[in-house]
Amino acid sequence: MSHHPISSTASAVSRNPATGELIATYAYQTHAEVESVLERNAAAFRMWRATPIAERIATYRRLAEVLRLNIDTLASIITSEMGKTIAAARAEVEKCAATIDWIAENGPAIIADEAVAVEGNDQVYVSYLPIGSILAVMPWNFPLWQVVRAAGPIMFSGNGFILKHAPNVMGSAYALQHMVEIAGFPDGLFANLNVDNETVAGVIEDARVAAVTLTGSMRAGAAVAALAGRTLKKSLLELGGADAFIVLADANIDLAVKAATEARFQNAGQVCLAAKRFILEKPIAAEFTRKFVAAASQLKVGDPLDPLNTMGPMARYDLRDELHNQVQRTLDAGATLLLGGYKIEGPGNFYAPTVLADVKPGMAAFDEETFGPVAPLMIAEDAEHAIELANTSDYGLGGSLWTADVARAQRIARRLETGGVFINGFSASNARIPVGGVKKSGYGRELSHFGLREFTNAQAVWAKTVG
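Everything quoted here is computed from the prediction, not taken from an experiment.

What counts as what
- Residues numbered from 1 in each chain as written.
- Predicted model: local features only at pLDDT ≥ 70, side-chain atom pairs only at ≥ 80, totals over all residues.
- Heavy atoms only, no water.
- Helix = DSSP H or I, 4+ residues; strand = E, 2+ residues; numbered from the N terminus.
- Rg over C-alpha atoms; globule rule 2.2 N^0.38 Å.
- Buried < 20%, exposed > 50% of the residue type's maximum accessible area, 1.4 Å probe, protein only.
- Contact = heavy atoms within 4.5 Å.
- Pairing = 2+ DSSP bridges.
- Right-handed = clockwise from strand over helix to strand, strands pointing away.
- Axes fitted to C-alpha atoms, helices over the stretch in contact; angles between N-to-C directions.
- Expected span 1.5 Å × (residues − 1).
- Parallel < 35°, antiparallel > 145°, perpendicular 65-115°, else oblique.
- Left-handed = near helix turned anticlockwise from the far one by under 90°.
- Nonpolar A, V, L, I, M, F, W, Y, C, P; charged D, E, K, R; others polar.

Engineer: I would appreciate a short explanation of the overall build of the protein in the present structure.
Structural biologist: Counting its secondary structure elements, the protein contains 15 helices and 18 strands. In terms of overall size, the protein behaves like a compact globule, its C-alpha atoms giving a radius of gyration of 23 Å where 467 residues would be expected to give roughly 23 Å. If you line up the protein on its principal axes, its C-alpha atoms span 75 × 65 × 40 Å. By residue count, 55% of the 467 residues in the protein fall in the buried class. Considering only contacts in the protein between residues 6 or more positions apart, those separated by 24 or more positions represent 70%.

This is the structure in structure tokens:
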């Protein structure tokens, strides 16, 4: 590993977003090295698919233990590479371990053969069989969790896993690979691919790759899905969102404000499932706005290693510039700035927590995904108008709905065009619950029984009774 900056076209570069300092450069793999990754992964898959379930369970339990034993090291790598607070980084590692434990406990029953009753005495069952090496193109915002969320179910089902991680978090990628090796998985079953986008296209088309999963932008998703489709391979896409956070007139405003502050500003707003459009029913709009601005102004922005700080920097300079541009365009279109709206001076990619009022469809902060600490507020005349505003989006990942009437909220949920709805809570992921979107937020599901079966061959076996 070189600690000298070399051409970014030839390597992945990791910089500390709180200081701008270079952490490391990782030279892109050569053609021969990529070939070796694919060959070793295919061989490991053949071994792993034949591994008894009891052994898979034991290996998963060891991985959860290894992650917990190394929580301090892993958390500090996450924080130094992408800037989330150290407490959030530790929570991320623990979430990974808990999910691996859940899969070890529940996975066997989910992928076990499923009997099907038919007339007569024929024996019919469905087997959930692995399909091969799965390529995963993953983002930087949860450098471990995004990977474990994909790899946990994929590998437990018997598949191989090839990770193409974001170039700014390759330290996290290699650290996780090391944890997997310590836990005793077959050599090469979890493999890092450190290459440029052009090489990724070739890997997707390679006959040794069975399918591809991507979490990232709409643009990246469209490109990957097109390549996978051309070679008749399955793809799963999670492409971010512009989640609505709807507060109805009968909601508990103090609870909603507390949740809204975390739902928008955690991880410096760099969360796919974050609340991104705050839709307030008219009678409570003024009170919510006043309390929300007060709460957002209390956030302590600074060095993410300092436990007193509640928000770190954005992950990259270019992302901060892009966000600031979205804020400017929204204000130019007639929105009102209530808080923030500026880049914080000095080293690092810090951006002030920002609240915009009077946001409407057609403005950047309404139509586009704002991947940073910016909260656009808009007023709905009534619940019907709130539903209409929520559905006025190209995205459909998650959403949040605040009201005292849960039964009514459940009826509204059926009308929201999203992969998830959180009533009196905010979007979160949990090993037991599927995560994924509709519309331009993608397709397919991770986690829960859906995730464990997503990359399997549901093979029907029908044995006729003879004699």
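Engineer: What am I meant to see in the pairing of strand β10 (residues 243-247) here?
Structural biologist: Two faces belong to every sheet, and in a regular strand the side chains alternate between them. Extensive coverage of β10 is indicated by the burial of 5 of its 5 residues. Going residue by residue along β10, you find Asp243, Phe245 and Val247 tucked away on one face and Ala244 and Ile246 tucked away on the opposite face as well. One ladder, built from 5 bridges, connects β10 with strand β11 (residues 275-281); its direction is parallel. Along β11, the bridge assignment pairs Ile246 with Ile279. Since β10 and β11 lie parallel, the crossover through helix α9 (residues 253-265) that links them has a hand, and here it is right-handed. Pairing geometry for β10 and strand β15 (residues 399-402), over 4 bridges, is parallel. Bridge assignment links Val247 to a residue of β15, and that residue is Trp402.

Engineer: Mind showing me how you'd approach the sheet that holds strand β9 (residues 234-238) here?
Structural biologist: Sheets are built from strands that pair by backbone hydrogen bonding, the pairs being arranged parallel or antiparallel. The strand order across the open sheet formed by 6 strands is β7-β6-β5-β8-β9-β17, and the pairing between neighbours is mixed. A single partner strand is all that each edge strand has here, and the edge strands are β7 (190-192) and β17 (442-443). In terms of strand pairing, strand β6 (residues 160-164) meets β7 through 3 bridges, oriented parallel. The partner of Ile162 across the bridge, within β7, is Ala191. Against the sheet, helix α8 (residues 218-230) contacts β8 (209-215), β9 and β17, and its axis sits at roughly 170 degrees relative to β8.

Engineer: Got a minute to help me understand the pairing of β11 in this structure?
Structural biologist: The element β11 is extensively covered by neighbouring structure, given that 7 of its 7 residues are classed as buried. In this structure, β11 lies alongside strand β14 (residues 374-380), joined through 4 bridges in parallel fashion. Note on β14: the bridge partner recorded for Leu280 is Ile379.

Engineer: Looking at this structure, how should I read helix α3 (residues 71-82)?
Structural biologist: Because each turn of an α-helix spans 3.6 residues, side chains separated by three or four positions end up pointing in the same direction. Between the first and last C-alpha of α3 there are 16 Å, a value that for 12 residues agrees with the 16 Å anticipated at 1.5 Å per step. Of all the positions in α3, only Ile71, Leu74, Ala75, Ile78, Thr79, Glu81 and Met82 are classed as buried. Turning to α3, the residues buried within the fold contact β1 (11-15), β2 (22-27), α2 (53-69), α4 (86-111) and α6 (170-183). In the segment just after α3, Gly83 is the residue with positive phi, at about 90 degrees.

Engineer: Can you help me understand the packing of α3 against α4 in this one?
Structural biologist: To describe two helices that pack against each other, one gives the angle between their axes and the distance between the axes. Following both chains from N to C, one finds α3 and α4 inclined at 125 degrees, their axes separated by 8 Å at the closest point. Overall, the two elements α3 and α4 adopt an arrangement that is oblique. Both α3 and α4 take part in a crossing whose hand is right-handed. For the pair formed by α3 and α4, the contact residues are Ile71, Asp72, Leu74, Ala75, Ser76, Ile78 and Thr79 on the first element and Ile86, Ala89, Arg90, Glu92, Val93 and Glu94 on the second. Of the residues that constitute the contact of α3 with α4, the class distribution is 7 nonpolar, 2 polar and 4 charged.

Functional significance is not addressed by these values, which are geometric in nature.
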